[in-house]
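Structure at a glance
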Amino acid sequence: MHYLQILLTPHYHIISRLNSTNIFQTITDEAPDLILSDVLMPDKDGYQLCKEIKTNLQFCHIPVVLVTAKSTVENQIEGLHTGADAYVPKPFEPAYLLALIESLLTNRDKMRSFLVSNTRTSRMKELTLAPKDEAFMAELYKLMENELDNPELDITRMAELLKISRTKFYYKVKGLTGKNPSVFFRTYKLNRAAELIKEGTYTISEIADMTGFNTLPHFSTCFKKQFGINPSEYQ
């Protein structure tokens, strides 16, 4: 553990825990971008910890890397069967672990960019989302489309409609997309507005109303902030 801290601290903000006690509270409080765990721990092994993370809707989007001295193929298969994103046997080359972490974080950033710019659940097949995450996002996209013209929809109501706690809903959307739910919904509305403008069937005023903006000036301001040009110029 001490060695890993020395290796990673120059590159990342590290939160270290010696065991898994209260680990889920720590994950909730700190919202880590990645979890690196040794398989051998005093209270529970890394396999069990990884399984608990990957079967928990609130946390299953977080990449998990297991590090261990158990280096047989069977051990590696066991680790991957728990849902681990990577399994690193000891001893390992420091450059390899750093490259692996960078790759996982880069892929997570790409996933977030994709989800923020996407309006179609069918395209999620292009991502390597966990089944729970894919199902969650499919339900969220369906909700946002159904409520597209609703200017009053807020986080509390969205969580109620999805039958999830407000806290868990906020954490999940922020973790998957990098945006809080209100910002993500507004971004979705504006992406849909851009699609409707391209179709050329409706006026800009009609599109503003269809996407839940109370006034045309407010719609134009938000649109320009997201796309860098006014709706009329986009048209």
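Bear in mind that the values here come from a model prediction, so they are computed numbers and not experimental data. (Residues numbered from 1 in each chain as written. Predicted model: local features only at pLDDT ≥ 70, side-chain atom pairs only at ≥ 80, totals over all residues. Heavy atoms only, no water.)

For the protein, the count of helices and strands is twelve helices and three strands. Buried positions account for 42% of the 235 residues belonging to the protein. When contacts within the protein are restricted to residue pairs at least 6 apart in sequence, long-range pairs at least 24 apart make up 58% of them. Accessible surface for the protein amounts to roughly 12,800 Å². Of this, 51% is attributable to carbon and sulfur atoms. Seen as two clouds, the 27 positive and the 28 negative side-chain charges of the protein have centres 1 Å apart. (Helix = DSSP H or I, 4+ residues; strand = E, 2+ residues; numbered from the N terminus. Buried < 20%, exposed > 50% of the residue type's maximum accessible area, 1.4 Å probe, protein only. Contact = heavy atoms within 4.5 Å. Areas by Shrake-Rupley, 256 points an atom, 1.4 Å probe, with all protein chains shown as cover. Lys, Arg positive; Asp, Glu negative; His and termini not counted. Charge placed at Lys NZ, Arg CZ, Asp CG, Glu CD.)

Turning our eyes to something else, we now look at the state of the cysteines. Evaluated as defined, the whole model comprises zero disulfides. C50 provides the cysteine sulfur closest to C60, a residue in no disulfide bond, and the two sulfurs are 11 Å apart. Given a relative accessible area of 2%, C60 falls into the buried group. (Disulfide = S-S within 2.5 Å.)

A separate point is the packing of aromatic side chains. This structure, assessed with the given rule, holds eleven aromatic pairs. On the numbers, 5.5 Å between centres and 85° between planes, the contact of F59 with Y171 is edge-to-face. You can see F59 sitting in the loop between α3 (46-54) and β2 (64-68) and its partner Y171 sitting in helix α8 (residues 166-177), a full 112 residues away along the chain. Across this residue pair, the class does not change: F59 and Y171 are buried. Through a chain of ring-to-ring contacts, three or more aromatic side chains come together here, namely F213, F219, F223, F227 and Y234. (Phe/Tyr/Trp six-rings, centres within 6.5 Å; stacked < 30°, edge-to-face > 60°.)

At a minimum axis separation of 12 Å, helix α6 (residues 131-146) and α8 run at an interaxial angle of 105°. Taken together, the axes of α6 and α8 lie roughly perpendicular to each other. Here D133, F136, M137 and L140 of α6 come into contact with α8, specifically with F169, K172, V173, L176 and T177. Here the contact of α6 with α8 is composed, by residue class, of six nonpolar, one polar and two charged. (Axes fitted to C-alpha atoms, helices over the stretch in contact; angles between N-to-C directions. Parallel < 35°, antiparallel > 145°, perpendicular 65-115°, else oblique. Nonpolar A, V, L, I, M, F, W, Y, C, P; charged D, E, K, R; others polar.)

To continue, consider the nonpolar core. Counting residues in hydrophobic clusters, the biggest one holds 26 residues, and the most contacted among them are L115, F136, M137, L140 and F169. Put simply, the parts of the chain that give this core at least two residues each are α5 (94-117), α6, α7 (155-161), α8 and α9 (181-199). The element that contributes the greatest number of residues to this core is α6, accounting for six residues. Apart from residues no more than four positions distant in its own chain, F136 is found in contact with L57, L162, I164, F169, K172, V173 and L176. (Core = buried A, V, L, I, M, F, W, Y, C linked by side-chain atoms within 4.5 Å.)

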